[in-house]
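If you want the building blocks of each chain, they are given just below.
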Amino acid sequence: MIKTVYFDLGNVLLFFSLPKMFAQMGDCTGMSPSEVKELLYDTPLRELYEKGQINTEQLFKTFQRHAPNSFSLREFVSSFSNIFTLNKELCPLVEKLKQAGIRLVLLSNTSECHFNYAYSHYPIIQLFDHKILSFEVGAWKPDPRIFHKALAHAHCDLQECFYTDDIPEFISSARKAGLPGEIFTDVPKLKKQLIDRGCNFLA
């Protein structure tokens, strides 16, 4: 039976809206949503931040240099982070896994701001036994290094692990690293995948 389940965060446990983030950050900074997107996604900035190579203060100061508005760090963090919606359908499954003694590991490309917001606003995240976060480990999916770090916290044989993520490339890279997994599409399919691997208590 499966003993350790790895969950992705974004668009698995929590849905998120990039358009909302760009709009909110635009309102905060005085930049247009497209300018916010260009600064974050058309430069190395997002990757540097999600790999922990710069911190939140440095991200904030970078936007200050480009923005026409004055804004506080608190305002900036709120505009950047308040973009999530809980996948309520998934919560009972996660809770049942926890109650059955299955080890839960979060495996996510994320940033300090986004994770801190998610952790403080969504108690389901607090059920996880361990967290492999790109900004803490300095590696980004699909880099094999993040999966090797994740496997160090399996506490069981590889065939007793399972990983779910909405991005096919990440599942492919995980499998190459030795971590079995399947693409997340919806909760009924994930439930069946786990039952097929011995989690009969979910039936």
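Residues numbered from 1 in each chain as written. Predicted model: local features only at pLDDT ≥ 70, side-chain atom pairs only at ≥ 80, totals over all residues. Heavy atoms only, no water.

Before going further, it helps to examine unusual backbone geometry. Residues other than glycine predominantly adopt negative phi, and peptide bonds predominantly adopt the trans conformation. Between K141 and the following residue, P142, the backbone shows a cis peptide bond with an omega angle of 15 degrees. The residue P142 is located in the loop between α8 (134–137) and α9 (144–151) in this model. Although it is not a glycine, N11 sits at a positive phi angle of roughly 65 degrees. Locating N11 in the fold gives a position in the loop between β1 (4–7) and β2 (14–16). The class for N11 is partly exposed, based on a relative accessible area of 26%. One non-glycine residue, H155, lies in the positive phi region at around 60 degrees. In this fold, H155 is placed in the loop between α9 and β6 (161–165). (Helix = DSSP H or I, 4+ residues; strand = E, 2+ residues; numbered from the N terminus. Buried < 20%, exposed > 50% of the residue type's maximum accessible area, 1.4 Å probe, protein only.)

Across the two faces of β1 the burial is the same, with T4 and Y6 and V5 and F7 all buried. In the sheet, β1 pairs with strand β4 (residues 103–108) via four bridges, with the strands oriented parallel. By the bridge assignment for β4, Y6 is matched with V105. Relative to β6, β1 runs parallel, the two sharing four bridges. Note on β6: the bridge partner recorded for F7 is T164. (Pairing = 2+ DSSP bridges.)

Count 3.6 residues to each turn of an α-helix, and residues three or four apart come out pointing the same way. All of the buried residues in helix α10 (residues 168–177) are F170, I171, S173, A174 and A177. All buried residues of α10 fall inside an arc of 165 degrees around its axis, so they share one side. Residues of α10 that are buried make contact with α9, β6 and β7 (181–183). Two residues or fewer past α10, G178 is found with a positive phi of approximately 105 degrees. (Arc of directions from axis to C-beta. Contact = heavy atoms within 4.5 Å.)

With respect to the helices and strands, the residue R197 is situated in the segment after α11 (187–196). On the accessibility criterion, R197 (30% relative accessible area) is partly exposed. The sequence separation of R197 and F162 amounts to 35 residues, and the corresponding C-alpha distance is 8.8 Å. Among all residues touching R197, those that are not within four sequence positions of it are M1, I2, F162 and E182.

Before going further, it helps to examine the nonpolar core. F7, L13, L40, F63 and L97 are the most contacted members of the largest nonpolar core, which has 52 residues in total. Counting 17 residues, the second largest nonpolar core, distinct from the first, contains V105, L107, A139 and I146. (Core = buried A, V, L, I, M, F, W, Y, C linked by side-chain atoms within 4.5 Å.)

With that out of the way, let us pick up the pattern of salt bridges. By the definition in use, this model includes 11 salt bridges. The partner of K3 in a salt bridge is E160, with the nearest N and O atoms 3.4 Å apart. With K3 in the segment before β1 and E160 in the loop between α9 and β6, this residue pair connects regions lying 157 residues apart in the sequence. Residue K3 is classed as partly exposed on the basis of its relative accessible area of 43%. Among the ionic pairs, E182 bridges to R197, the shortest N-O distance being 3.0 Å. Taken as a pair, E182 in strand β7 and R197 in the segment after α11 lie far apart in primary sequence, 15 residues in all. You can call E182 partly exposed: its relative accessible area is 24%. The structure contains a network of salt bridges with shared partners spanning D8, K141 and D165. (Salt bridge = Lys/Arg side-chain N within 4 Å of Asp/Glu carboxyl O.)

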